[in-house]
Each structure stands twice: as C-alpha cells, then as structure tokens.
Amino acid sequence: MMKQFNSSFIRLRESDGQLSIGERIDRERICKHILHCLIAFDVVSFAKEQFKLVHVEVEVKDINDNSPKFPRKESSLEISENTAVGTRIPLDFAVDEDVGSNYIQSYQISVNSHFSIDVLSRADGVKYAELVLMKELDRETQASYALELVAMDGGNPPRTGTTRINVKVKDYNDNSPVFDRASFSVDLTEDAPVGFLLLDLNAEDPDEGMNGEVVYGFGHQVPADIRQLFRVDRKTGRLTLESQIDFESKTTYEFDVQATDLGPNPSPAICKIVVQVQDVNDNAPEISITPMTSITAGIAYITETAARESFVALVSTSDRDSGANGQVHCTLYGHDHFRLQQAYEDSFMIVSTMPLDREKIPEYNLTVVAEDLGSPPFRTITQYTIRLTDENDNAPVFSKRVYEVSVVENNAPGAYITTVVARDMDMGSNGKVSYKLADTYFMGSPISTFVSLDPASGSLYALRSFNYEVVKQLELRVTASDGGSPPLTGSSNVYIRVVDQNDNAPVIIQPPLNNGSAEVLLPRDAPTGYVITRVDARDADEGVNAELSYGLATGEPSMFSVNKRTGEIYLNQVLSHDVDETLSVTVTVSDNGRPALTSTATLHFLIIAGSPPSDRTVYQAGSVDDVHAQWDLSVVIIVVLAGSCTLLLLAIILIATTCNRRKRDKSGDDSDSYGEKGTLERGRNHVADNPLLPLHAAGGEAGFEGHSYSSQPGGFTSAHPGGIDMCSASDDGSEVPCVYDSDTNSKPRRSKHEGYSTLPGYGNGKEVVRPITIWKGNSYTTISARDPAFSGKDSGKGDSDFNDSDSDVSGDTGLKKDGAVVPPMGGQNALWACTSECKVLGHSDRCWSPSAVRAHAAPSPAPTLSSFSSHPKTASLPRDPNRRDNFYPAQIPKTVGLQSVYEKVLHKEYDYVLVTPPVRVQEISDISDITIPVYTPTLTHCPIEEV
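Rules behind the numbers
Residues numbered from 1 in each chain as written. Predicted model: local features only at pLDDT ≥ 70, side-chain atom pairs only at ≥ 80, totals over all residues. Heavy atoms only, no water. Helix = DSSP H or I, 4+ residues; strand = E, 2+ residues; numbered from the N terminus. Buried < 20%, exposed > 50% of the residue type's maximum accessible area, 1.4 Å probe, protein only. Contact = heavy atoms within 4.5 Å. Areas by Shrake-Rupley, 256 points an atom, 1.4 Å probe, with all protein chains shown as cover. Disulfide = S-S within 2.5 Å. Phe/Tyr/Trp six-rings, centres within 6.5 Å; stacked < 30°, edge-to-face > 60°. Patch = residues over 30% accessible without salt bridge, like charges linked within 9 Å, V, L, I, M, F, W, Y side chains within 5 Å. Salt bridge = Lys/Arg side-chain N within 4 Å of Asp/Glu carboxyl O. Pairing = 2+ DSSP bridges. Polar contact = N/O pair within 3.5 Å; in protein donor to acceptor, adjacent residues only side chain to side chain. Axes fitted to C-alpha atoms, helices over the stretch in contact; angles between N-to-C directions. UniProt positions renumbered as here; feature names shortened; annotations may be inferred.

Student: I keep staring at the overall build of the protein chain and nothing clicks. Help me out?
Tutor: Across its full length, the protein chain carries seven helices and 56 strands. For the protein chain, with 947 residues in total, the buried portion stands at 41%. Long-range contacts, defined as pairs at least 24 residues apart, comprise 69% of the intrachain contacts of the protein chain with a sequence gap of at least 6. By element, 52% of the accessible surface of the protein chain is carried by carbon and sulfur atoms, the whole surface being about 51100 Å².

Student: Got a minute to help me understand the state of the cysteines in this structure?
Tutor: Between two cysteines, a covalent bond joining their sulfur atoms is known as a disulfide. Counting across every chain of the model gives one disulfide. One disulfide in the model links Cys31 with Cys37; its S-S distance is 1.9 Å. Judged by the torsion about the S-S bond (65°), the Cys31/Cys37 disulfide is right-handed. Neither residue differs from the other here; Cys31 and Cys37 are each classed as buried.

Student: Looking at this structure, how should I read the packing of aromatic side chains?
Tutor: We describe a pair of aromatic rings using the distance from one ring centre to the other and the angle between the two ring planes. Across all of its chains, the model carries 14 aromatic pairs by this definition. When the ring of Phe51 is compared with that of Phe311, the centres are 5.6 Å apart and the planes differ by 35°; the resulting orientation is tilted. Taken together, the residues Phe51 in strand β4 (residues 50–60) and Phe311 in strand β23 (residues 311–318) connect sequence positions 260 residues apart. Overall, Phe51 belongs to the partly exposed group, its relative accessible area being 24%. Taken together, a centroid distance of 5.8 Å and an interplanar angle of 65° make the contact between Tyr416 and Tyr461 edge-to-face. Linking Tyr416 in strand β31 (residues 416–419) with Tyr461 in strand β37 (residues 459–462), this pair joins segments that are 45 residues apart in sequence.

Student: What's the story with a nonpolar patch on the surface in this structure? I'm lost.
Tutor: A cluster of nonpolar side chains, Leu633, Val636, Ile637, Val640 and Leu641, forms an exposed patch at the surface whose accessible area comes to about 460 Å². Along the polypeptide, Val640 turns up in helix α3 (residues 633–668).

Student: Is there a simple way to explain the pairing of strand β2 (residues 18–21) in this structure?
Tutor: It is a general feature of regular strands that their side chains alternate between the two faces of the sheet. Where strand β1 (residues 10–13) meets β2, four bridges bridge the pair, whose relative direction is antiparallel. Note that in β2 the partner of Leu12 across the bridge is Leu19. Between β1 and β2, which pair antiparallel in sequence order, lie four residues; one of them, Gly17, sits at a positive phi of approximately 80°.

Student: Looking at this model, I keep getting lost on the side chain of Thr353. Mind explaining?
Tutor: Among the secondary structure elements, Thr353 is positioned in the loop between β26 (347–352) and β27 (363–372). Residue classification places Thr353 among the buried positions, given a relative accessible area of 14%. From its side chain, Thr353 meets the backbone oxygen of Asp336 in a polar contact 2.6 Å long. For Thr353, the residues in contact, after removing those within four places along its chain, are Arg308, Asp336, His337, Phe338 and Arg339.

Student: What should I look at first to understand the sheet that holds strand β39 (residues 489–499) in this one?
Tutor: In sheet architecture, strand pairing relies on hydrogen bonds along the backbone and comes in two forms, parallel and antiparallel. Taken together, the four strands give an open sheet; going across it, the order is β30-β39-β38-β33, and neighbouring strands pair in mixed fashion. The sheet is open, and its two borders are formed by β30 (402–408) and β33 (434–437), each paired with just one other strand. Averaged over neighbouring strand pairs, the angle between their axes works out to 30° when direction is ignored.

Student: Explanation requested: the UniProt feature "transmembrane region" (unreviewed entry) in the protein chain in the structure shown.
Tutor: Under the present numbering, the feature "transmembrane region" (unreviewed entry) in UniProt falls on residues 633–656. In residues 633–656, helix accounts for 100% and strand for 0%; the two terminal C-alpha atoms are 35 Å from one another.

Student: For this particular structure, what's the right way to read the side chain of Thr367?
Tutor: Relative to the helices and strands, Thr367 resides in strand β27. Its relative accessible area of 17% is what places Thr367 among the buried residues. Side-chain polar atoms of Thr367 contact the side chain of Gln383, separated by 2.9 Å. Those residues in contact with Thr367 that sit more than four places away from it in its chain are Thr331, Leu332, Tyr333, Ile381, Thr382 and Gln383.

Student: I keep staring at the sheet that holds strand β9 (residues 127–133) and nothing clicks. Help me out?
Tutor: The strand order β6-β9-β8 describes an open sheet built from three strands, whose pairing is antiparallel. Every other strand in the sheet has two partners, leaving β6 (88–90) and β8 (115–121) as the edge strands with one partner each. Taking each pair of neighbouring strands and ignoring which way they run, the sheet shows an average axis angle of 35°. Here β8 pairs with β9 via seven bridges, running antiparallel. Across the sheet, residue Phe115 finds its bridge partner in β9, namely Leu133.

Student: Just to check I follow, could you spell out unusual backbone geometry for this structure?
Tutor: It is generally the case that most residues other than glycine have a negative phi and that most peptide bonds are trans. That bond from Ser485 to Pro486 is cis: its omega, -5°, falls within 30 degrees of zero. Along the chain, Pro486 turns up in the loop between β38 (473–481) and β39. With an omega dihedral of -5°, the bond running from Arg594 to Pro595 counts as a cis peptide bond. Along the polypeptide, Pro595 turns up in the loop between β47 (582–591) and β48 (598–608). In this structure, Glu345 takes a positive phi of about 40° despite not being glycine. Mapped onto the elements, Glu345 comes out in the loop between β25 (338–344) and β26. The class for Glu345 is exposed, based on a relative accessible area of 63%. Positive phi values are uncommon outside glycine, yet Asp580 reaches one of about 70°.

Shown next as structure tokens:
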C-alpha cells in the first residue's frame, strides 16, 4: 500500500491483497458536510519483477448516527399585537452532521391557535423553518405563547431535535421599516481586504420622531462566526468585511439583516443577504512523496540491479484552489536516470530510465516541482534523495595481473616477501576482500608448504629457506574473494624469483683430487711454456658468483704460472731437476662473489724422463692472456666518477679565479695607498729612494738632465743579433736585460746617452725647470712645474685612454692610423723600460714605458729640439680595443703577490729593451694604452764576453 492520507483506517494484507478496516471510521470527522466521502490510496502489486499500480477509492456511507440540534434550547420572541396575519418570523435552524437523507427533512410545531410554520430551503440546501402568524393577536386576551419546535431528519428510524419558543405579545407600533429589496446576493473574492464594502442597505419608516428613526443590525438567529466575518453599521446600514475570508473554508454565507425603528413596540423589517465567495489563486500546490522502500525519512532506496522502468516512489500533488487554480503540473529535475510517469490525475510515479550502477553514482538528489495553472501561478519545490543499495556486482580486481618479486636465497623461514592488493568497488560485506592461495603443487608438494598468505592483508611470507641451486623461481596463484552472496572472485599470478647468493665455493673437478691433492707427471725435457695440466673447477652459483679465477698460492713463481681464466698451469723455464723429483704447488680457485669463496688444491709434479707429447699446448711469449690487467667494473666506475668530480672542481676553481681577478682589476684602479701630499714630498726630496725612478749614476745628480735626441738615423743599435743580453743586476741574482752601445766594438756604454732626453726643454741653455714627481694610481709620474699645458690629472677611467689629459695624442703629437700610433719622435729609436711589476701586472697607468712602434710603421723625420719641446710629455702604446679588460696576464693576491713585486722593485730590478726599427718588433696586443714621462736613466752596464 502506498499510503497517503487517513492511512490508519484501511489495512492491506500483502500476501493476498485483502483490504480490512484498521479502526472505527467516523464519517463526520473525516468528511464534514461532504455528500460523497472517499478514502483514496494506491496499491502496488509485484509479479516477477513487474509491478502494477492500482488506485483504490473507498466510499464511506453515511448512517443516521447524529440527531438534529438547535443552537439554543430555548428562545424568546416579541411580537406586536397589531402584527398582520401572514407575517413570517425567522426561527433558529437546526444542524445535523449527517448528510443526504439522514439530514433534516422537516420541522413541526406544537399545536396552537395562532401560529404555524413554513419549511424552506436555503441556497446550499439547508432546510429551515419560519414562524407564520395565522390569526391576529390580542395582547389583552393572551399576552404570551409557549411553542415547541421539532426538527426531524430522514433516517430510519428518524431522529429529532427540539427547541422551546416563548412568544411575547407586545403593544404595537403602527408602521415598521421597509427595505428597498427583500434580499441581496453579493459576489466577494476571497482576497478582499478587511473593511471592504459589500452593501449599503437602506430601510425607511414613514413614522415620525423616534418611531421613524431606523437602526440596523444582524438578526437574532445569525450565528457568531458570521458576526465575526461581517459588520453592519448601526446607523448607516453599511455592510462591510470584518475579517479575511477563505474560499477553501466556505464558499457561501447567508444571513439576515434587520431594520428596527426606535418607537415603542417596534416591528423589525428583515432583509436576506447571500454572499458568494469567489476563488483566487492563493494556495501553492502541496507535494507528498511516498517511497517504495524507505529506511530514512525523505530518502527512497532502490537496488542498483533494478531493471529499466522500475518504480521508485509515488508523488501525489494537491491544490486547495478550484478550477484552473487547482490544476497542478509536476516536473522532475536532477538526473536523466529517472523520470516522472503520470499514474492518474494528480499522482505521478518516479521510475528509472536506464540501468543503475552504485559504484558510479551512489546517490541521486532530485527536485520535484509542482506548479498550478493559476495567474500568476504558484510553485512548490521539494528536494528528494534516491539512494542506491549495493549489490554484489563487482569482483575483486588486483592492482597487478602479474606480481614479480624477488627473495634472496637462504632467507629465514617466515620472512616477508610481498603484499598483493585487490580492490572491490562494492561496499560492506560485498566489498570486503579475503585472499587465498590456489591449490597448486610445486616439486611434488602443495604450494602452501612453501609460502603462506595472510587472508586479510594479502601479505606473502616464506615458510622455508629457499636454495637458489634447488629452486630458482616459484609460481603461485592468489585468489581474492569478496563477502557477497554468492561471492565473486578475482585472481593474480605471483612469480617469486630466488636471488642467488655466493654460498657455494668452487669445486675442483680436474685433475681428480685425493684428500685435496693430485699427482701430475711432468716430462723433464718440457720446454718453456709447456702446459702441464689444466685445473677445472665448477661453482654451483650463477652470474658473478660463478665467475672463477685461478692462482698459485704456494710454489716457485719463477717456475710455474697459471692462467687466471682457464686454469692452465705451464712452465716458465726449462727444468733442471732430476727425474723422480717432485715439485709441489698450491692452486687456488676463487669466485667473483662478495665475499669471494676460495678452494685450494695441492698439485705434486713428478718429473719423469722423456719429452712431452707433441700435441700438447705450448704458450708463446706475449700470447698469455693474463698479462693484460683485468679491470673490475666497479673500479672503472669509481675511476670515471672520480675523474668527473675532479674536472668539475677544476672548472669551479677556474671560474672563481677568473671572476676574482676581474673584480680585483676593477677595484685596483680606484685604490690609492699613498696620500698626495706625502707622495709629492717623497718625489721631491727622495727621488733617489724611488724604486720606479732610476737615478743617474754619474755626478750624483738628484734631478734630471735634459738632452736632445741624436739626429743620426741609427739611434741606438744593438750589437747582438738577439738585441738583448741577460745580465745579473739584481740583489737576488736574477737576470735582467742590458743595453749596449751602438758602436761597432759592441762595448757596454758607461756614459750618459747623448741625444736621449727624459723631459723636453731641460738642456741647450734653457732655464732649468724643477721636475715634480706625483703619484698617479699605483705609479709615479714626473711633470714640469712651468708647463701650463701639462696636466697630471687622471681621467678616472682606470687604464689610460686616448682621451685622458695625461695621454692626449691630439694636435701635433701624432696620428692614429689603423689602430697603430705613430709617435712624433721620428720612430727610429725608442726605449721600452719594463719593471718587474709591469711584467707581472701588465702595462697600465701603474707602469712606466715609452711607446713602441709597429715594425711596419713608416718612420718620420727626426725631430728638432724645439719641436720636441712643444710635444706633450706622453705617448701611447698600441692597444687592442676589443680586449679592454684583459690587462693583466697573471693574477696574484694583493697581500702576497704584490708584496713580492714591490720587494723586487725596491731592489731596483729593471729591464731595459732597446727597440730598433730594422728589427721586427713583436706586436703587443694585450697591453693597453699607457702614458709615461720620458727620462734619461743611468744605465747599469754589464760586461760582455767576446764572442
């Protein structure tokens, strides 16, 4: 039974479909004032997974079990004695809860001489009685009457109800009020607001004064519920709505309004009012969902194996409105696996549209929407859940179809091997997986004697210690079963590979041993390289554990040798022993396992007379295979990794050194280790102590002596082909280049060079100008105090460039052509003075060096003294503009390297190179532009041996 409303009245026996009464049915309680009382419900019948929905309506017939009742047991009426014959006076009407023929059918009044009753019917079919005056009254004759009114229904037997009416005769008022109409019918919508005007009643009384003043009110018989809904204004007679009405509660209201004058003994006038309530769409549809199977409220359950078009739940809708406002359209949203199928009128069935699968969608959240056809329509939305119950429709599935595992031989019994895992998508007992070994045999024994399987976790354990030499691989099959009924199973193959260990020592099988030794015959005339015998061994292990190598443990290594691979033992030299003499050696056979296992055998070589057989093998020199070193693969890998790491470390050191050197080169140009004032003072007073300014040896002069350049084209020439000879001029005995005179006898010059001037304008009778030595960067620079055009200011760019104030070659100084600088001095002879610091740090502002010209540069005319004096004091060496940063060929730490350089400089280690135009000058591409003052040093001459 798909229960809906009044579910306890009817019972259904599910075995045969018999309907019975569940409890006493009171028709008046469930169907008040309704002619046809129905109890409706639905029954679903099943047969072989097919269902049929049956709609059942049980009509409850009325019996005459209720008597008519008057609202009052006793009532009073006042009637004027001049009331006209035929006047009708409304009486209380009786109420009977029964319907149809069992309802009130007639009224009777007790026997009297003046009054009778007339039975009438209202618009809703209710019968009522009116008291009719049949004879004129005379108050003086009889002032009151006692009447009994009886209401009788049509039952069998009939039932009655009685009320007492006391009629009091009053003195009359000649005229009574008169309404315009005796009755009115009004249509009123149920959503009319409170205070709404229904009628404006009007009654007139022709009397004057108080007898003609009319007041309005409800008749005495109007019940209290109507008085609560409607209101009559006492003075104006306006009928208005007192409270909200509801069409669904009652559709028709009928009552009397009376008009009474204020005179003595008034006779009221009666006007009948009928109010018809009009329906509006003010009620939303109601939804009731009854599931086929329900465990939790609001949730329907259906098995996931349900067939297509399976019944899930019954959806019943209702709307209290009438007409189109009460017609309901129902729609299902949420998933296309379910749809609504109309059963009858306002009932629908939720059925499945396709096969279901709980493992994919375990639960459906559906939305039922009911909408009436009113304007505007009302809509009701209800959420409903359909939950699938699990069926055992999924077998366990292993994570792998084949498991391949390894176990090392000689394992301990009970050792863990692996775990197989199977998953079942079902839930509960249907998804609980248990494992079992298939009944198979291995080597004549059940597989369960080799391994054990935990039925709950699927873990495999070894029951015995495996021996690789006996069992190399174990094959077994694992079955997984779920807890369903019937259970479903899945299987997987497990291959257990036994991993070999080095547990077998080599066994020597040739030559046959007796107590670990063997005797071998050795011909005395056997030549060198003669193979005496071959030791053959076997190892039960495999792989590297079975790779054998042979060796000699004891014996004379100069006499015998053994091939490490083949085990052949041969002579290293001709025998000198006597016949029947015995020579013994101990042979070792080792495998390549870790740790290696070794077997030994003692061979006794018995020397016999005669020559060896001709078919025996004789080793030739250089053909022995074991001469070549046998490298272990692990050693090779270690060597390769070590080499790679070493190269990587060297690359890191090289990169770090290069970056540090460049950083130091950039920061070195801005460093200033001496104050300007102290430097100038030291240059002025201690020129002799300056390691970068060599002093004149002759005369002990502290200043420079100016000389003009010689005009001879030869200038300085070297008497030696190499142009340079090495002399020991430093304190530590290191060799430095010496400068020779250009005369033919090639003797060292010991006087000052004529025609070589360090500062222009210092000689030839000109005024002596005091030279000033300043510290520029990390080197000294000598300038003229009187030369206003000479500047000792650094450009601040580090190494000197062509745009520095101290390296300007513009104007008459010279021209730059194709990267080479043509010096203004004629270019025939030039002196390149290198200090040890310059050799280490490279040529820059820190070093002192005259310019050197390229070998292919065109010579210029020899300058005069005047032209020389007008030239600036500096010149530039050619430089490579693309190698701005590569100034220094070597990098040394400041704290150590530079200190040693300065120590050598303090010991006056200078190199002077005489450069002549005929000799090809090596191009210096790595030296940047430098600026130096030209000076005349006192040269240290070295004695030259005659060649």
